Structure formats: structure tokens, C-alpha cells
Amino acid sequence: MLSWLTNYFTISTILLYIAIFLFYAKISKGLGNKAFYLQMRRFLPCILAVTLPPYLADTSLLSSAFIAPLLVGIAWIITYPTLYFMTYKNSAVSFSYHFDIVIGLYLSSFFICLSILCAHFHIMSLPVIILFTVLEFILLLIPVFQLSYYSIYHACLSETGMMAVQQTDKNEALEFLYALTWKTKIISTGALICLGTLLLYYNISAATTLSHISLDIKAIVFFTALTIFLAYYLSRPDPETGAFLRTGFMELYIDVKEYFKVSGQYTAYHQANLPNLEVNLSTPLPEKPQTFILVIGESASRDHMSLFSNYERDTTPWLSAHKNSSEFFLFKNSYACWHQTVPVLERALTELNQYNAKTFNTSFSILDIAKKAGFDTYWFSNQGYVGSVDTPVTLIANTADRAAWTKQEITKKQCDEALLEYLPTVDPTKNNFIIFHLMGSHDNFQTRYPEEFTIWGTPGKYHLIDNYDNSLAYTDYLLKEIYTYATEHLNLQGLVYFSDHSTIPDKRRQPDFTDFLTVRIPMFVYLSDNYQKAHPDVSLALRKHENSYWTNDLTYDLVCGILKVQSPNYDATQSLASSEYRFSRENLTTLLGEMPLTADQTEN
């Protein structure tokens, strides 16, 4: 027993595991129990990949031969997660960067294994040493760049920072370097030379230190197999599956690069065609400025709302208080067209839907329509800015006269309530169209509302159903605050709320469709008495269709109908606000046209 406890390999593995996991727990925020225990398991094979090779080679992990590989790994493990934590710890409600830790460990393991194999086969020659040094130096330049950026701007590299970097051409880069003081130039150059020299020194030292290594055939097979696996794992080019490309820095780089690519296509079409967009109003805008608001929820399930179902908890107290009001229209048979955000909003906010053959890049958006109709347009978001789950939505958002994201303001607390601070920036002397994009009830539910807002369960305690229901009630509170301010200060005439999709809170999220419960969403419309007097046809149509079935990719036409738009790019037969609405349960679908709503056997 004593010999087992004192075994260097066992002790080093346990200590490294404890250190890595404590670091991960410290620099992460808003981790749910599932994520916490998942990483406990995930880190163990990564750590064994570092500690096992030196043990099998009868060498200490802390040998000078492995200083260069460990330096590379530690730099990747620590840099981005730590800088992100230091920047956003007081504003972001949830984040974690486990891939940085995984890649850091695997980079160390890769170079350790290569060094041991080269030493065994006596090929640790000067060219090989130089190759190792160059590869390690290049890998270290990325953490060095991040640290330099932080030292200059006192913030982690962000989307806007990465955009500036990628938009910088050669001349601008040279101008930036010329503008540096001689002192900065000398220190920076000296530091890079010292770093390269240090790596070269320790790699030369490794050739001597590891010269005694002699592996048996089993060890050779093991080291070769592990090296090949690591080379494959680290070099996978697919951003969706390549772990290296999912580290904080690399994911940011790829997301911004993809944003510029897609943005160019979207922007090119709009610049060429927006001037030709025909939009008229069936009745002119009144002299008194008015405001219309569209609120996009996140992961809200109508099956967890007593107003829309038989749910026992009142998760919508404000909305429930208005259920008999003539100004509110509740649509209890609403569905998402998909079970993930981007495919939904690409359709909900544009002409594109399941029932036509249009494409996203060649479709006009509801912001385009509102602008042409004479409204000042606003987009306020508590979601991401760029990335595979944000970019198409951002392209639409950036066409607004003013667009703002809480995540771009590192001092702003990132609960949805932060969005209320944008309302006073809206000009009450103008006709306004505002879109709010909430974080709503996105997983992890516990981080979507302040602890003091806890209604069910214990504040700060992880419980899926309680946390989820609290997040729904918090959204209801936020809707009340938006409605109240806009009514009192912006002459609110209409408000539409829908969720992008739903979720099953006590089941693990799945990439594939598993249940209609993931697409059964809440939707309601508010129209002021003054609006209804001016446009009785709209209120009559909405009241007539309250029990009709609807999918949220038809939001564009619904809003066009409420705005009283006349345009070749508006189809009244697709609008609940029109008496011409042609859809029913029998001809509506979800999953982008693949699943008829008639297949849903869920009890309301």
C-alpha cells in the first residue's frame, strides 16, 4: 500500500488532476452539475496522456527534457481562460473553456511522446531539434499575442478586437509597429528572442537527457499509437469536431473569419436590391410618433406556462393578469419551425420560411421593411455577436439603425434585465421599431436570472425544473418592464413575443429532434386600444385566429400585417394579422418542412 502511494506516476497523476480541475472550476462560471461531472471524466485521459509516457520511459515528468512541451501546454491551458475570466467575471453569467485545457494537455503529451520516440531511435539531431523549436515557438506566439493584447487594452481579445485584427492589412500592421516606442520594440524583440532561445536550449538538453531511453516493442507500439492519435486529434480541420479549433482563441478567429465571408454575401445582395424594395403603408403613420416592439425569447416552453397549458405553476404572472384583456391576443397553438436558434431566426426575421423557395442571403428582413415604412430601427441583444450560432442573426441585426449587444460591454451584467438600460436611448419623438433578443431560458437555467429572483427552489441551488421555471418567470417580469416603459414613454402600439424554440428542461439537450416538446412555444400579441380603433381589421383577424395553428417562421408576415405594410415582399395569406391567413394544423410543418404538426400527439 505504501509503495503504491509513493509511486511517482500515481502521485503526479493525482496532483495534476487536482490542479487542472481546481483551475477549471475557478475560471469557469455558471457550470451546471452535468457540465461539472462531464469535465471530471473528460480531463482524466488527457492527464494520463501527459503523465504516463514519462513513466513508461522511466523518466520524471519534471525532467528538463520536458520543460519546452510543458511550457507550450501550460500556456494554452492558462492564457485564454484566465484572460476571459479576468475580463468577464463580473458581467457574464456563464462560461467555461475546457477545450483549452484539453488541447494544452494534449500538446504537451504530443511533444513528450515525439521526444521519447526520437530519443529511442537516436534521431534527435539538430534539424529535428530545430523543427521542434519552431513548432513550439509558433504555438506559443498565440498565447503571447493574447497576453500582449490584454496588457495594452486591459481586456481579453473580443469579437470586435478579432475583427480589427483580421481587417488589418500589411501597411496598417507596419504603421502600428512603427508607432511603438523604441523601448517597446527592443523589449518585445528581446522577449521573443529569449523565448526562442529558451526553447532551443531545452530541446538540445532533451537530446542529452533522454539519450539513455530504450523502449521495448510494446512501449514503441504504445508511443507510436498515442503520437498518431494526438496528431490526428489536434489537426482535425472541421470546426465542429476539431478540438484545437474549438479552443477560445481559435474558435473566435474562425467565427470572425466566417462572419466576414457570410457578411459579404448578405451585404452584397442588400446593397444591390434594397433600393428597389417597395414598401407602402395602407394608412399613413399618425402625427404622434409610435413604437412597435418584437421580443424574441429563448428556449421557452408553453408546456411550462399555465396560461398556455395545464401547468401547475404560474410562471407568467404578468401575462396571466392580462389573459382577459381586449389588448392581448394569446396563441396557444404556436410551434417553432426548428429546434435550434439560427435556422429559426433566419426564417422568422425574413421572407424565408418553410413554405416558400427563398434563400436567406436573398431575402429581405423585417428590419428592411420597417425602415422602408418610415421607422427608426433598433436591435438590442443579450445573446452572442458572431459564431456559428450567432452570425446570420447578427447580419440581420447590423442592418438596424442602432444595434447593441450586452456581451460587447464588459461592465454590463449579462442577465436579460441589462437590456432595459437600452430603452432610454430610443428617441420618443420618432416612429420606432425595436427588436429585443433575450437569453431567456437558455441552458444553464440557473444563470438566467438573479438569485434574488428565485421563486421555486433554493437560491443558488441547481435543480433543473425549479431553475427553468424561475427563468420563465424572470422573462415574464422583463416583458412587463419593457411593456411598462414603452407604454409610458414611447407610445407603444404593438408588441409581439415568441420563443425561438422550446426545450425539455429535465432532459439533456440533443442535436437531433427527439420530441415535439422542443418546438411547442409561447406566442402573444399586444395591440393598444388606439391601434385597434385605427385598424379594427387587424384586431378582428388576430382574435379570429387565436386558436389557429402557427409556426414562428411566419413572424415576418405577422409583423408586416401589424405594421399595415403593402409590398410585393409581404404575403397576407401567411399573416395571422390578416383575414386571408391560409394555414391550419393540417398544412403546417416543423423541422423545416419535414414534420407535419398533425404528428404532435401532446396533450395541451
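**A word on the overall build of the protein**
A count of helices and strands for the protein gives 19 helices and 14 strands. Every one of the 604 residues in the protein was classed for burial, and the buried ones make up 55%. Counting every atom, the protein has about 26600 Å² of accessible surface; 59% of that belongs to carbon and sulfur. Charge centroids of the protein, computed over 41 positive and 54 negative side chains, lie 3 Å from each other.

**Focus on the environment of N398**
For N398, the location among the structural elements is in the loop between α15 (391-397) and β6 (402-405). With near-sequence residues (within four places) excluded, N398 lies in contact with Y259, Y385, A403 and W405.

**Observations concerning the packing of helix α6 (residues 126-153) against helix α9 (residues 182-209)**
Running from N to C, α6 and α9 point in directions that differ by 140 degrees, and their axes come no closer than 9 Å. The orientation of α6 relative to α9 falls into the category oblique. The two elements α6 and α9 meet at a crossing, and its hand is right-handed. Of α9, the residues touching α6 (which contributes I129, F132, T133, E136, F137, L140, L141 and V144) are L192, L195, G196, L199, L200, N203, I204 and A207. Of the residues that constitute the contact of α6 with α9, the class distribution is 12 nonpolar, 3 polar and 1 charged.

**Remarks on the side chain of T350**
You can see T350 is positioned in the loop between α13 (341-348) and α14 (366-372). A polar contact is formed between the side chain of T350 and the backbone oxygen of E346, at a distance of 2.5 Å. In terms of polar contacts, T350 uses its side chain to reach the backbone amide nitrogen of L352, at 3.2 Å. Beyond its immediate sequence surroundings of up to four residues, T350 is in contact with F360, S363, F364, S365, I396 and Y556.

**Section: the pattern of salt bridges**
Close approach of charged atoms allows side chains with opposite charge to pair. All told, the structure shown has 12 salt bridges when counted by the stated rule. Taking the shortest distance from any N to any O, the salt bridge between K564 and D537 comes out at 2.6 Å. Here D537 lies in helix α18 (residues 536-544) and K564 lies in the loop between α19 (555-562) and β12 (565-566), a separation of 27 residues in the sequence. Assessed through its relative accessible area of 14%, K564 is described here as buried. The class of D537 is partly exposed, set by a relative accessible area of 40%. For R543, the salt bridge identified is with E546, shortest N-O distance 3.2 Å. Accessibility expressed as a relative area gives 33% for R543, which makes it partly exposed. You can call E546 buried: its relative accessible area is 17%. Each of D303, R520 and D600 takes part in a single network of salt bridges with overlapping partners.

**Quick notes on the packing of helix α4 (residues 67-88) against α9**
If you want to describe how two helices pack, look at the angle between their axes and the distance between the axes. Orientation of α4 relative to α9, taken along the N-to-C sense of each, is 135 degrees, at an axis distance of 8 Å. Accordingly, the angle class assigned to the pair α4 and α9 is oblique. Across the interface between the two elements, I67, A68 and L71 from α4 touch L195, L199, Y202 and N203 from α9. Split by residue class, the contact of α4 with α9 holds 6 nonpolar, 1 polar and no charged.

**Details of the sheet that holds strand β4 (residues 334-335)**
Paired through backbone hydrogen bonds, the strands of a sheet run either parallel or antiparallel to each other. The 3 strands lie next to each other as β9-β4-β11, forming an open sheet whose pairing is mixed. The sheet terminates laterally at β9 (520-521) and β11 (550-551), the two strands that pair on one side only. Both β4 and β9 contribute to a ladder of 2 bridges, which runs antiparallel. Bridged to S334 within β9 is I521.

**Thoughts on the environment of H463**
Within the secondary structure, H463 sits in the loop between β7 (432-437) and α16 (464-489). What makes H463 partly exposed here is its relative accessible area of 38%. Along the chain, H463 and S301 lie 162 residues apart, while their C-alpha atoms are 17 Å from each other. From its side chain, H463 meets the backbone nitrogen of D466 in a polar contact 3.1 Å long.

**Some remarks on α18**
Since the α-helix advances by 3.6 residues per turn, residues separated by three or four positions end up pointing in the same direction. All buried positions along α18 are accounted for by V538, S539, A541 and L542. The arc that holds every buried residue of α18, seen down its axis, measures 160 degrees, which confines them to one face. Seen from the open side of α18, the exposed residues pointing more than 90 degrees away from its buried face are L540 and K544. On its buried face, α18 sits against β3 (328-330), β10 (523-527), α17 (529-534) and α19.

**Remarks on the packing of aromatic side chains**
Across all of its chains, the model carries 45 aromatic pairs by this definition. Aromatic side chains Y201 and Y202 sit 5.1 Å apart centroid to centroid with 75 degrees between the ring planes, which places their arrangement in the edge-to-face category. Judged by relative accessible area, Y201 falls into the exposed class, the value being 52%. Linked through ring pairs, Y80, Y84, F85, Y88, F95 and Y97 together constitute an aromatic cluster. Positioned above the aromatic ring of F99, the side-chain terminus of R42 is 5.6 Å from the ring centre. Directly above the ring of W182 sits K185, whose terminal nitrogen or CZ lies 4.7 Å from the centroid.

**Here we look at the nonpolar core**
Formed by 143 residues in total, the largest nonpolar core has its most connected members in W379, F433, V525, L542, L558 and I562. Counting residues per element, this core draws most heavily on helix α5 (residues 98-120), at 16 residues. Excluding its chain neighbours within four sequence positions, the residues that come into contact with L542 are F329, F331, V525, L527, L558, L576 and A577. Counting residues in hydrophobic clusters, the runner-up holds 37 residues, among them I293, W318, Y422 and F524.

**A short note on unusual backbone geometry**
For the bond running from D443 to N444, omega is 5 degrees, close enough to zero to count as cis. If you check the backbone angles, H122 has positive phi at about 55 degrees while not being a glycine. By secondary structure assignment, the location of H122 is in the loop between α5 and α6. Unusually for a residue other than glycine, L591 sits at a positive phi of about 55 degrees.

Conventions and cut-offs
Residues numbered from 1 in each chain as written. Predicted model: local features only at pLDDT ≥ 70, side-chain atom pairs only at ≥ 80, totals over all residues. Heavy atoms only, no water. Helix = DSSP H or I, 4+ residues; strand = E, 2+ residues; numbered from the N terminus. Buried < 20%, exposed > 50% of the residue type's maximum accessible area, 1.4 Å probe, protein only. Areas by Shrake-Rupley, 256 points an atom, 1.4 Å probe, with all protein chains shown as cover. Lys, Arg positive; Asp, Glu negative; His and termini not counted. Charge placed at Lys NZ, Arg CZ, Asp CG, Glu CD. Contact = heavy atoms within 4.5 Å. Axes fitted to C-alpha atoms, helices over the stretch in contact; angles between N-to-C directions. Parallel < 35°, antiparallel > 145°, perpendicular 65-115°, else oblique. Left-handed = near helix turned anticlockwise from the far one by under 90°. Nonpolar A, V, L, I, M, F, W, Y, C, P; charged D, E, K, R; others polar. Polar contact = N/O pair within 3.5 Å; in protein donor to acceptor, adjacent residues only side chain to side chain. Salt bridge = Lys/Arg side-chain N within 4 Å of Asp/Glu carboxyl O. Pairing = 2+ DSSP bridges. Arc of directions from axis to C-beta. Phe/Tyr/Trp six-rings, centres within 6.5 Å; stacked < 30°, edge-to-face > 60°. Lys NZ or Arg CZ within 6 Å of the ring centre and 35° of its normal. Core = buried A, V, L, I, M, F, W, Y, C linked by side-chain atoms within 4.5 Å.

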